[in-house]
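Listed here are the chains, written in short residue letters.
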Amino acid sequence: MNILIIGSGGREHALAWKIAQSPLVDTIWCAPGSPAMDLLGPCFDVAADDVEGLQKLALQLEPDLIVIGPEAPLAKGLADFLRARGFDVFGPSQAAAQLEASKGFAKDRMAAYGVPTARYGRFTDIASAKAFLDTLSAPFVLKADGLAAGKGVVIAATREEADAELSEMLSGKFGGASAELVIEEFMEGEEASIFVMTDGINYLTLPAAQDHKRIGEGDTGPNTGGMGAYAPAPVMTPELMKRVEEEITVPMLRGMAGDGMPYRGVLYIGVMVTADGPKVVEFNCRFGDPECQVLMMQMEADIVPALLACATGGMRAREFAQLLPAEESPKPAVTVVMAAPGYPGTPEKGSVIGNLHHAGHGEGVMIFHAGTALDADGNFIANGGRVLNITATGDTLREAVDRAYAAIGEIDWPEGVYRRDIGWRAL
Ligand code: AMP
Ligand code: GLY
């Protein structure tokens, strides 16, 4: 079969790499893809959020399965358009993708289905937002309702800060995305990322991962898209995983299906492990980046039957449950992000990255490209904020981490910025 993958980041490189290993697959196509993905299959210069262009491309290629990586096209309804043309698509409908695209929508669904999360309110005017803030204590959590490239959440330490932030957000700090706000209670605890692959009824829970959102070691400095990740995350004990399944996954999937918005694809549950148990911080309608790189690295089974089953639905529960047999006792894996200098501000592009080929040949090591380009001489150069994902497995997390950092030591890219403490919570 032939599979079209939408996206161009480290997440999509990892998905393409994993899918390419399937004996079921003849050809992989990517749009827009990247120079690294081009080594796995032809790339087409159509942007990931160009819904019309992607429909045309799909009609031309006629893939047997389309896997949508990022949230933007899902929020624009790409999955619906492609399904309406008869394609099998891994990714939720526009209605279901609102779980990520509108934080207020997600909170309302959780409230309706009795899913544990922070107490909240939705606001479009300053006076009622302030009245709600009066009922909370510091720190205050303010969220732009819409998609804001991962930057739409502000945690204000004081009420003065919260009031100032409130005015800025409502007057367009994040454009239309912050015309409406969610304000919520602050939750204390440790975070984890849980990924549920589902056809809308059946589901498979992948090993819990932990992301490292801050730029600096020891989780300091500004937030980023994620500077590294590892899995399995020991904070998510089997008991907690069971609670997530019973208290979050099942009611969400049942509720969404019951409301005519069955969720098909991968549901990313950002969980806070609080003193009262797991609570939802956020939902995303896609794999995490860089968590996906870790999950693809440690997954032993062929992912393609699971992607297909989620896309097409209708599989019997018992068969569905057997699609990824080894996920119960996953191999530890880690990914360390190498970013361009300046990230998460404006990254400096163009520095040459050397010795990648050799560095990527260490045992249990795979280097995924998140933001590289080729220069005129055929060298990989930095071409984004997050540039490389140095990913490794091992018999222990320690071994995986040592392998990843050994590979980084081999890469000739003095400009590259990375954290030296990925996995510290588990180690
Ligand atoms: P989000 O984009 O919703 O994941 O929020 C970004 C980050 O803000 C999360 O990963 C958390 O670290 C933090 N955060 C969001 N909501 C809360 C909350 N209610 N309590 C504590 N931290 C939160
Ligand atoms: N790593 C966080 C995200 O993908 O949103």
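As annotated in an unreviewed UniProt entry, the protein carries the name Phosphoribosylamine--glycine ligase and comes from Glycocaulis albus.

Caption draft 1: Region of the structure containing the overall build of the protein. The helix and strand tally for the protein stands at 14 helices and 22 strands. The C-alpha radius of gyration computed for the protein amounts to 21 Å, which stays within 12% of the reference 22 Å derived for 427 residues, consistent with globular compactness. The dimensions of the protein, computed from C-alpha atoms along their principal axes, are 60 × 50 × 45 Å. Considering the protein as a whole, with its 427 residues, one finds that 58% of them fall into the buried category. Sequence separation of 24 or more characterises 68% of the internal contacts of the protein that already satisfy a separation of 6 or more. For the protein, the accessible area works out to roughly 16,900 Å², and carbon and sulfur atoms hold 50% of it. Between the centroid of the 34 positive side chains of the protein and the centroid of its 57 negative side chains there is a distance of 5 Å.

Caption draft 2: View of the side chain of His212. With respect to the element layout, His212 can be found in the loop between strand S11 (210-211) and strand S12 (214-216). A relative accessible area of 3% places His212 in the buried class. When neighbours within four sequence positions are excluded, His212 is seen to be in contact with Asp219, Thr224, Gly226, Met227, Gly228, Ala229, Tyr230, Arg419, Asp421, Ile422, Gly423 and Trp424.

Caption draft 3: Here's a closer look at the packing of helix H1 (residues 10-20) against helix H10 (residues 291-298). Two elements in contact, H1 and H10, have axes separated by 8 Å at closest approach and are oriented at 15 degrees. Compared by their axis directions, H1 and H10 come out roughly parallel. Viewed along their axes, H1 and H10 form a crossing whose handedness is left-handed. Facing H1, whose interface residues are Gly10, Arg11, Ala14, Leu15, Trp17 and Lys18, H10 presents Cys292, Gln293, Met296 and Met297. Among the residues making up the contact of H1 with H10, the classes are represented as 6 nonpolar, 2 polar and 2 charged.

Caption draft 4: Representation of the packing of aromatic side chains within the structure. Evaluation of the coordinates by the stated rule reveals 6 aromatic pairs. The interplanar angle of 40 degrees and the centroid separation of 5.4 Å between the aromatic rings of Phe123 and Phe132 together place this pair among those described as tilted. Of the two residues, Phe123 and Phe132, both sit in the buried class. Taking 4.7 Å as the distance between ring centres and 70 degrees as the angle between the ring planes, the aromatic pair formed by Phe195 and Tyr268 counts as edge-to-face. Of the two residues, Phe195 sits in strand S9 (residues 190-198) while Tyr268 sits in strand S15 (residues 265-274), which places them 73 residues apart along the sequence. Taken together, the ring pairs connect Phe90, Phe195, Tyr268 and Phe287 into an aromatic cluster. Above the face of the Phe105 ring, Arg109 is positioned so that its terminal group lies 5.7 Å from the ring centre. Here the guanidinium or amino end of Arg420 rests over the ring plane of Tyr418, the centre of that ring lying 4.6 Å away.

About the criteria used
Per chain, residue numbering runs from 1 following the sequence as it is written. A letter from A marks each chain and a number from 1 marks each ligand, given out in the order of writing. Totals for whole chains, interfaces and linings use all residues, but because this is a predicted model, local features are given only for residues with pLDDT of at least 70 and pairs of side-chain atoms are given and counted only at 80 or more. Side-chain numbers come from the whole structure's heavy atoms, not from hydrogens or water. Secondary structure counts use DSSP, requiring at least four H or I residues in a row for a helix and at least two E residues in a row for a strand, with both numbered from the N terminus. We take the radius of gyration over the C-alpha atoms and set the globule estimate at 2.2 Å times the residue count to the 0.38 power. Only protein chains enter the area calculation, which uses a 1.4 Å probe; residues under 20% of their type maximum are buried, those over 50% are exposed, and those in between are partly exposed. Residue contacts follow a heavy-atom distance rule, with two residues in contact if any of their heavy atoms lie within 4.5 Å. Note that accessible areas follow from Shrake-Rupley with a 1.4 Å probe, and for residues the cover is restricted to the protein chains shown. A residue counts as positive if it is Lys or Arg and as negative if it is Asp or Glu; His and the chain ends are not included. Taken as the charge location is NZ of Lys, CZ of Arg, CG of Asp or CD of Glu. Fitting a line to C-alpha atoms yields each axis, with helices limited to the stretch in contact; the angle taken between N-to-C directions then spans 0 to 180 degrees. For classification, angles of less than 35 degrees are called roughly parallel, those exceeding 145 degrees roughly antiparallel, those between 65 and 115 degrees roughly perpendicular, and all remaining angles oblique. Handedness of a helix crossing follows the sense of rotation of the near helix relative to the far helix, less than a right angle counterclockwise being left-handed and clockwise being right-handed. In this count, Pro and Cys sit with the nonpolar residues alongside Ala, Val, Leu, Ile, Met, Phe, Trp and Tyr, while Asp, Glu, Lys and Arg are called charged and the others, Gly among them, polar. Any two rings among Phe, Tyr and Trp, with Trp reduced to its six-membered ring, count as a pair given centres within 6.5 Å; such a pair is stacked if its planes are under 30 degrees apart, edge-to-face if over 60, and tilted if neither. Counted as over-ring charges are cases with an Arg CZ or a Lys NZ within 6 Å of the ring centre that also lie within 35 degrees of the ring normal.

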